[in-house]
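# Analysis of the macromolecular model
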Amino acid sequence: MAITLLRAASLPGLRDAAAGQHVCSYLPNNNRRRRWILCSLKYACLSVDPGPGEVSPVYSSLTVTPAGEAVISSEQKVYDVVLKQAALLKRHLRPQPHTIPAIPKELDLPTNGLNQAYHRCGEICEEYAKTFYLGTMLMTEERRRAIWAIYVWCRRTDELVDGPNASHITPSALDRWEKRLDDVFTGRPYDMLDAALSDTISKFPIDIQPFRDMIEGMRSDLRKTRYKNFDELYMYCYYVAGTVGLMSVPVMGIAPESKATTESVYSAALALGIANQLTNILRDVGEDARRGRIYLPQDELAEAGLCDEDIFNGVVTNKWRSFMKRQIKRARMFFEEAERGVTELSQASRWPVWASLLLYRQILDEIEANDYNNFTKRAYVGKAKKLLALPVAYGRSLLMPYSLRNSQK
Ligand SMILES: CC(C)=CCC/C(C)=C/CC/C(C)=C/CC/C(C)=C/COP(=O)(O)OP(=O)(O)O
């Protein structure tokens, strides 16, 4: 994949710089850190047409419209959030006065009330995400309860647009949900489940932005049923799933012995969210189409000689198979990126993350096993395979952090 780098003193100068562009470098697909360093050195990184049959997890950090306008890509925008989250966590890890707002004393729920609230969060997590719930049982009590509280908030947010009342949901209901989120973060929880989250926020350096961004994802789901290209889809996946990764890192914690940068751990968490969501989309193509929704990138469909009609008709053709192969390959690249990061998490947090990674990734294998018929067959990982994933995940959770393995070579 060729990358064209333009030296640009500033973005407005980009158009002029384009005149003197020269190809500086060839960067492998996953050499992101170098790309970002180059960007931060005020180089604009212009790319990127993947060669035939090649996939790039992300297309470019900067694109230029036909009118010559520089447009920052979704990946760059999301990476800015990653940097901000990492900076917040690092600041918290440095010994300094605690800056996270605590729940005002007078609003404190009695400990018993809080225990009940967390207990209910645990029950909900167990009901909807059994394997993940089991995995959380290995975490310390405080972390486990915090993960449950976050999970429940995400579930409730998702249910606003996907649950039984979804047809009545309006943008203003989402605005009210966001106002309620602000209240949770300022220690004024509305109900007991919110109170568990308020308490969690007072104990871990969790930022409100990923929560807000998830609500933004729900807003976009209300108005959008098509995605022009992968850049648009990437943003959607960040909103609805990458955010979960960013919310989880401060609770799961980074292994004290890890030599990885905080940013790289956040990037891996983001990658896992994106990988999961892409997998979810590939699994649910038929189901989504029946609701009039197509989450697949329109430009890639067109390149493969496919259109919306083909999806609504739901016939598996060779064109469809090769389109799907490309999509699955991309989802696997995100899983691969996430894998390195899991090993950097604190030991007790790794198992549930490995388990969910292995289980979710297997859905891609099942789509292949179904000969890419994701129109009428739901890819499903059987009980035996699910059970087998647990000891495998446990074994992996004992591995030394990837950053240490590399530094000892
Ligand atoms: C890798 C590192 C460093 C940390 C891990 C950080 C985490 C926990 C990331 C996971 C993010 C995550 C779980 C995102 C949600 C993705 C997703 C598509 C969930 C689907 O939820 P449901 O709609 O309930 O799925 P089903 O339809 O399969 O039941």
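Owing to the predicted nature of the structure, the values given are computational and were not obtained by experimental measurement.

### Concerning the overall build of the chain
Along its length, the chain carries 18 helices and 5 strands. Here the chain holds 409 residues, and 52% of them are scored as buried. Counted over contacts in the chain with a minimum sequence separation of 6, partners at least 24 positions apart contribute 73%.

### A few points about the site of the ligand
The full set close to the ligand counts 21 residues, and Arg-155, Asn-276, Gln-277, Arg-283 and Tyr-360 are the nearest of them. At 2.7 Å, a side-chain N or O of Tyr-360 approaches an oxygen atom of the ligand. Protein burial of the ligand: of its 750 Å² of free accessible surface, 77% is covered by the chains. When contributions to the shell around the ligand are tallied by element, the ones reaching two or more residues are α10 (230-252), α11 (262-283), α15 (318-342) and α16 (347-369).

### Some details on the state of the cysteines
Using the criterion set out here, one finds 0 disulfides in the structure. The structure places no disulfide on Cys-121, whose sulfur is separated from the nearest cysteine sulfur, that of Cys-125, by 9.0 Å. Residue Cys-121 is classed as buried on the basis of its relative accessible area, which comes to 0%.

### So, a nonpolar patch on the surface
Together, Leu-138, Tyr-394 and Leu-398 give the surface a local cluster of nonpolar side chains, amounting to about 290 Å² of exposed area. As for its placement among the helices and strands, Leu-138 is situated in the loop between α5 (130-136) and α6 (141-162).

### Some thoughts on the packing of aromatic side chains
For the structure on display, the rule yields 14 aromatic pairs. Here the aromatic rings of Phe-185 and Phe-211 are separated by 5.2 Å at their centres, their planes lie at 70°, and the arrangement is edge-to-face. You can see Phe-185 sitting in helix α7 (residues 171-185) and its partner Phe-211 sitting in helix α9 (residues 209-223), a full 26 residues away along the chain. In this pair, the class of Phe-185 matches that of Phe-211, namely buried. A connected cluster of aromatic rings, assembled from ring pairs, spans Trp-153, Trp-177, Phe-185 and Phe-211. When the ring centre of Tyr-227 is taken as reference, the NZ or CZ atom of Lys-224 above it lies at 4.9 Å.

### Overview of the nonpolar core
Counting 106 residues, the largest nonpolar core has Trp-153, Phe-211, Leu-233, Leu-296, Ile-311, Trp-320 and Ile-367 as the members making the most contacts within it. Broken down by element, this core gets its largest block of residues, 15 residues, from α10. Excluding anything up to four places from it in sequence, Trp-320 contacts Val-285, Leu-296, Leu-301, Leu-306, Ile-311, Val-315, Tyr-372, Asn-374 and Phe-375.

### Quick look at the UniProt feature "transmembrane region" (unreviewed entry) in the chain
Listed under "transmembrane region" (unreviewed entry) in the UniProt record, and renumbered for this structure, are residues 233-255. Helix makes up 87% of residues 233-255 and strand 0%, and the two end C-alpha atoms of the span are 32 Å apart.

### Concerning helix α4 (residues 111-128)
Under the 1.5 Å per step criterion, the end-to-end length of α4 is 26 Å for 18 residues, consistent within 8% with the ideal 26 Å. At its buried positions, α4 is contacted by α5, α6 and α8 (192-203).

### A closer look at the packing of α15 against α16
Any two packed helices are characterised by the angle at which their axes cross and by the distance between the axes. Direction vectors running N to C along α15 and α16 enclose 165°, while the axes themselves pass 11 Å from each other. Comparing the axis directions of α15 and α16 gives the class roughly antiparallel. As α15 packs across α16, the resulting crossing turns out to be left-handed. From α15, Met-324, Ile-328, Ala-331, Arg-332, Phe-335, Ala-338, Glu-339 and Val-342 reach across to α16, where they touch Arg-350, Val-353, Trp-354, Leu-357, Tyr-360, Arg-361, Leu-364, Asp-365, Ile-367 and Glu-368. Grouping the constituent residues of the contact of α15 with α16 by class yields 12 nonpolar, no polar and 6 charged.

### Side note on the pattern of salt bridges
Counted by the stated rule, this structure contains 37 salt bridges. The salt bridge involving Arg-155 is made with Glu-159; its shortest N-O contact spans 3.8 Å. With a gap of 4 residues between them, Arg-155 and Glu-159 both fall in helix α6, about one helical turn apart. Looking at Arg-155, the relative accessible area reads 25%, which means it is partly exposed. Of the residues examined, Glu-159 reaches a relative accessible area of 32% and is grouped as partly exposed. Residues Lys-385 and Glu-366 are paired through a salt bridge, measuring 2.7 Å at the closest nitrogen-oxygen approach. Taken together, the residues span a long stretch of sequence, with Lys-385 in helix α17 (residues 383-397) and Glu-366 in helix α16 at a distance of 19 residues.

The rules behind these values
Residues numbered from 1 in each chain as written. Predicted model: local features only at pLDDT ≥ 70, side-chain atom pairs only at ≥ 80, totals over all residues. Heavy atoms only, no water. Helix = DSSP H or I, 4+ residues; strand = E, 2+ residues; numbered from the N terminus. Buried < 20%, exposed > 50% of the residue type's maximum accessible area, 1.4 Å probe, protein only. Contact = heavy atoms within 4.5 Å. Near = heavy atom within 4 Å. Polar contact = N/O pair within 3.5 Å; in protein donor to acceptor, adjacent residues only side chain to side chain. Areas by Shrake-Rupley, 256 points an atom, 1.4 Å probe, with all protein chains shown as cover. Disulfide = S-S within 2.5 Å. Patch = residues over 30% accessible without salt bridge, like charges linked within 9 Å, V, L, I, M, F, W, Y side chains within 5 Å. Salt bridge = Lys/Arg side-chain N within 4 Å of Asp/Glu carboxyl O. Phe/Tyr/Trp six-rings, centres within 6.5 Å; stacked < 30°, edge-to-face > 60°. Lys NZ or Arg CZ within 6 Å of the ring centre and 35° of its normal. Core = buried A, V, L, I, M, F, W, Y, C linked by side-chain atoms within 4.5 Å. UniProt positions renumbered as here; feature names shortened; annotations may be inferred. Expected span 1.5 Å × (residues − 1). Axes fitted to C-alpha atoms, helices over the stretch in contact; angles between N-to-C directions. Parallel < 35°, antiparallel > 145°, perpendicular 65-115°, else oblique. Left-handed = near helix turned anticlockwise from the far one by under 90°. Nonpolar A, V, L, I, M, F, W, Y, C, P; charged D, E, K, R; others polar.

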